[in-house]
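The chain contents come next:
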Amino acid sequence: MINIEKMTINIDILSTTSNRVLDTEDPLIVRDELVSMLRIISKDERFSKQTVVIPDNCGQYGFAEGEFNLPELLYFLADMLE
């Protein structure tokens with residue numbers, strides 16, 4: 001089961017785009033930033049042995065019931081968003 005405490009994630013206004021400014025109106029830039037953040041978090045050793053339990057009633061949202069490795073799930077979500 002996942003238990004995240006005392007963790008802060010700061011998203012700077014700078015972006016990887018050519019103009020270096022995060023334009024929150026551009027959904028592609030925001031999605032790219034989210035994908036990058038999910039991949040970075042998935043590599044954090046603090047989560048290496050963490051799991052996420054998805055209950056059976058989440059099937060209505062497209063999630064399969066079960067217990068999943070948190071880093072793998074985050075990386076998978078990043079791949080799906082990309």
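The model shown is predicted, which means the values in this text are computed figures rather than measured ones. All residue numbers refer to positions counted from 1 along the written sequence of the respective chain. Local features in this predicted model are restricted to residues whose pLDDT is 70 or higher, and side-chain atom pairs enter the listing and the counts only when it is 80 or higher, whereas totals over whole chains, interfaces and linings include all residues. Processing note: side-chain calculations cover all non-hydrogen atoms of the structure and skip hydrogens and water entirely.

## Considerations on the nonpolar core
And then number 1: Side-chain atoms within 4.5 Å are what join buried Ala, Val, Leu, Ile, Met, Phe, Trp, Tyr and Cys residues into a set we call a nonpolar core. Burial classes follow relative accessibility: with a 1.4 Å probe on protein chains only, a residue under 20% of its type's maximum area counts as buried, one over 50% as exposed, and anything between as partly exposed. By size, the foremost hydrophobic cluster in this structure holds 11 residues: V35, L38, I41, F47, V52, I54, C58, L70, L73, L74 and A78.
And then number 2: At the level of elements, helix 1 (27–42), strand 1 (51–54) and helix 2 (70–81) are the ones that each hand at least two residues to this core.
And then number 3: A total of 4 residues in this core trace back to one element, the largest contributor, which is helix 2.
And then number 4: Setting aside its immediate chain neighbours within four residues, L38 contacts L74, L77, A78 and L81. Secondary structure elements are taken from DSSP: a helix is a run of H or I of four residues or more, a strand is a run of E of two residues or more, and numbering for both begins at the N terminus. Whether two residues are in contact is decided by their heavy atoms, any of which lying within 4.5 Å being enough.

## Quick notes on the environment of F76
And then number 1: Following the sequence through the fold, F76 ends up in helix 2.
And then number 2: We classify F76 as partly exposed; its relative accessible area is 45%.
And then number 3: Spatially, the C-alpha atoms of F76 and S42 are 9.5 Å apart, while their sequence positions differ by 34 residues.

## Examining helix 1
And then number 1: The end-to-end C-alpha distance of helix 1 is 22 Å, a good match for the 22 Å that 16 residues give at a rise of 1.5 Å each.
And then number 2: On the buried face of helix 1, the contacting elements are helix 2. To estimate the expected span of a helix, subtract one from its residue number and multiply by 1.5 Å.

## Notes on the pattern of salt bridges
And then number 1: Whenever a carboxyl oxygen of Asp or Glu lies within 4 Å of a side-chain nitrogen of Lys or Arg, that contact is scored as a salt bridge. A full pass over the atoms with the stated rule returns 3 salt bridges.
And then number 2: Salt bridges sharing common partners tie together R39, D79 and E82.

## Here we look at the side chain of S42
And then number 1: Tracing the backbone through its elements, the reader meets S42 in helix 1.
And then number 2: Residues adjacent in sequence count toward polar contacts only when both atoms are side-chain atoms; beyond that, a polar contact is any pair of N or O atoms within 3.5 Å, and within protein one must be able to donate a hydrogen and the other to accept it. Engagement of the side chain of S42 in a polar contact is seen with the backbone oxygen of R39, the distance being 2.8 Å.
And then number 3: Setting aside its immediate chain neighbours within four residues, S42 contacts P71, L74 and Y75.

## Here we look at the confidence of the model for the protein chain
And then number 1: What pLDDT expresses is the predictor's confidence in each residue, scored from 0 to 100. Mean pLDDT over the protein chain: 80, with 70% of residues reaching 70 or higher.
And then number 2: Within the protein chain, no element has a lower average pLDDT than helix 1, which sits at 89, and none a higher one than strand 2 (residues 66–69), at 94.

## Thoughts on the packing of aromatic side chains
Describing an aromatic ring pair means giving the distance of the ring centres and the angle of the ring planes.
And then number 1: Note on aromatic pairs: the rings of Phe, Tyr and Trp (six-membered ring only in Trp) are paired at centre separations within 6.5 Å, and the planes decide the class, stacked below 30 degrees, edge-to-face beyond 60, tilted for the rest. This model, assessed by the stated rule, comprises 0 aromatic pairs.
And then number 2: Of note, R39 hangs over the ring of Y75, and the distance from its end group to the ring centre comes to 5.0 Å. Cation placement over rings: the criterion is NZ of Lys or CZ of Arg within 6 Å of the ring centroid and within 35° of the ring normal.

## Points about the packing of helix 1 against helix 2
And then number 1: Every axis in this analysis is a line fitted to C-alpha atoms, fitted for helices over the stretch in contact. Angles between the N-to-C directions lie between 0 and 180 degrees. In the contact formed by helix 1 and helix 2, the axes pass within 8 Å of each other and the chain directions differ by 160 degrees. Between helix 1 and helix 2, the interaxial angle falls into the category roughly antiparallel. The handedness of the crossing between helix 1 and helix 2 is left-handed. Residue-level contacts link R31, L34, V35, L38, R39, I41 and S42 of helix 1 to P71, L74, Y75, L77, A78, D79 and L81 of helix 2.
And then number 2: Nonpolar residues are Ala, Val, Leu, Ile, Met, Phe, Trp, Tyr, Cys and Pro. Charged residues are Asp, Glu, Lys and Arg, and all others, Gly as well, are polar. A per-class count over the contact of helix 1 with helix 2 returns 10 nonpolar, 1 polar and 3 charged. Our angle categories are set so that under 35 degrees counts as roughly parallel, over 145 as roughly antiparallel, 65 to 115 as roughly perpendicular, and the remainder as oblique. Handedness of a helix crossing follows the sense of rotation of the near helix relative to the far helix, less than a right angle counterclockwise being left-handed and clockwise being right-handed.

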